[in-house]
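Notes for the structure review
What follows is each chain in one-letter form.
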Amino acid sequence: MFSTAIRRAAQPKIPFDIYTNPYKATRLWPPDFSKIDRKHQFRLERKYKRRAKLKWARPRWTKFVKIAQMSSIVFIAVYGVLFLDWNQQSNPEHRPFEGVCYSGLTMEPKGTCTDICRFGLGSLD
């Protein structure tokens, strides 16, 4: 194993040159699309799209996102069916977002939400 690595290191490095490349391309890339027929254009585009999709695929990330979405949907459904007190929801005094008020782009602490007071929806006490 080491003897081949030593032999390779001792060989002179040949600089890469397009004209002296031993692995010449059989086709010109990218092809001139004005000179090829529509069927061949479609084949090349389909092949490129497939290869690009495979290159940029992130299966682990996609799996994580799907699991997170499904778990949040199941959690909300189970909470709504089993634990949410629906009788309290019909109470007009009950405000579901009483602890958090959004005013524009800033969050104000409890008791300072101006929208509820401005629209006459009552006090926050």
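Now for a quick tour of the structure. What you see as residue numbers is a count from 1 along each chain, following the sequence as written. Since the coordinates come from a predicted model, pLDDT governs what is reported: local features require at least 70, and pairs of side-chain atoms require 80 or more to be given and counted, while whole-chain, interface and lining totals use all residues. The side-chain values count all of the structure's non-hydrogen atoms but skip hydrogen atoms and water molecules.

As for the overall build of the protein chain
Here a strand is any run of E in DSSP of at least two residues, a helix any run of H or I of at least four, and the numbering for each starts at the N terminus. Secondary structure summary: the protein chain contains five helices and two strands in total. Listing the helices and strands of the protein chain from first to last along the sequence gives α-α-α-α-β-β-α.

Quick word on helix α3 (residues 59-83)
Between its terminal C-alpha atoms α3 stretches 35 Å, which fits the 36 Å expected from 25 residues at 1.5 Å a residue. Remark: exposure states derive from per-residue accessible area (1.4 Å probe, protein chains only) relative to the maximum for the residue type, with buried under 20%, exposed over 50%, and partly exposed in between. Summarising burial for α3: one of the 25 residues are buried, a small minority. For a helix, the expected span equals 1.5 Å multiplied by the number of residues minus one.

Digging into the pattern of salt bridges
Here a salt bridge means any side-chain nitrogen of Lys or Arg lying within 4 Å of a carboxyl oxygen belonging to Asp or Glu. Scanning the model with the defined rule gives one salt bridge in all. In this structure, Lys35 engages Asp32 in a salt bridge whose closest nitrogen and oxygen atoms are separated by 3.9 Å. For Asp32, a relative accessible area of 39% corresponds to the partly exposed category.

A closer look at the packing of aromatic side chains
What counts as a ring pair is set by centres within 6.5 Å for rings of Phe, Tyr and Trp (its six-membered ring), and what kind of pair is set by the plane angle: stacked under 30 degrees, edge-to-face over 60, tilted for all other angles. Applying the stated criterion to the full structure yields three aromatic pairs. Relative to Phe64, the ring of Trp61 lies with its centre 5.8 Å away and its plane at 40°, an arrangement referred to as tilted. In this pair, Trp61 and Phe64 both sit in helix α3, three residues apart, roughly one turn of the helix. Of the two residues, Trp61 and Phe64, neither departs from the other in class, the shared state being exposed. Ring centres 6.3 Å apart and planes at 20° place the aromatic pair Phe75 and Tyr79 in the stacked group. In this pair, Phe75 and Tyr79 are both assigned in helix α3, four residues apart and thus about one turn of the helix distant. The exposure class of Phe75 is exposed, given its relative accessible area of 57%. The exposure class assigned to Tyr79 is partly exposed, which follows from its relative accessible area of 40%. Here the aromatic residues Phe75, Tyr79 and Phe83 are joined through ring pairs into a cluster of three or more.

Structural notes on a positive patch on the surface
Here a patch means residues that are over 30% exposed by relative accessible area and free of salt bridges, tied together within 9 Å if like-charged and within 5 Å if nonpolar (Val, Leu, Ile, Met, Phe, Trp, Tyr). In short, Shrake-Rupley with a 1.4 Å probe defines the accessible areas, and a residue's cover is counted only from the protein chains shown. Charged residues are defined here as Lys and Arg on the positive side and Asp and Glu on the negative side; His and the ends of the chain fall outside this count. Charge placement uses NZ in Lys and CZ in Arg. For Asp and Glu, CG and CD serve respectively. Positive charge collects at one region of the surface, where Arg27, Lys39, Arg43, Arg46, Lys47, Arg50 and Arg51 lie side by side. Mapped onto the fold, Arg46 is located in helix α2 (residues 38-55).

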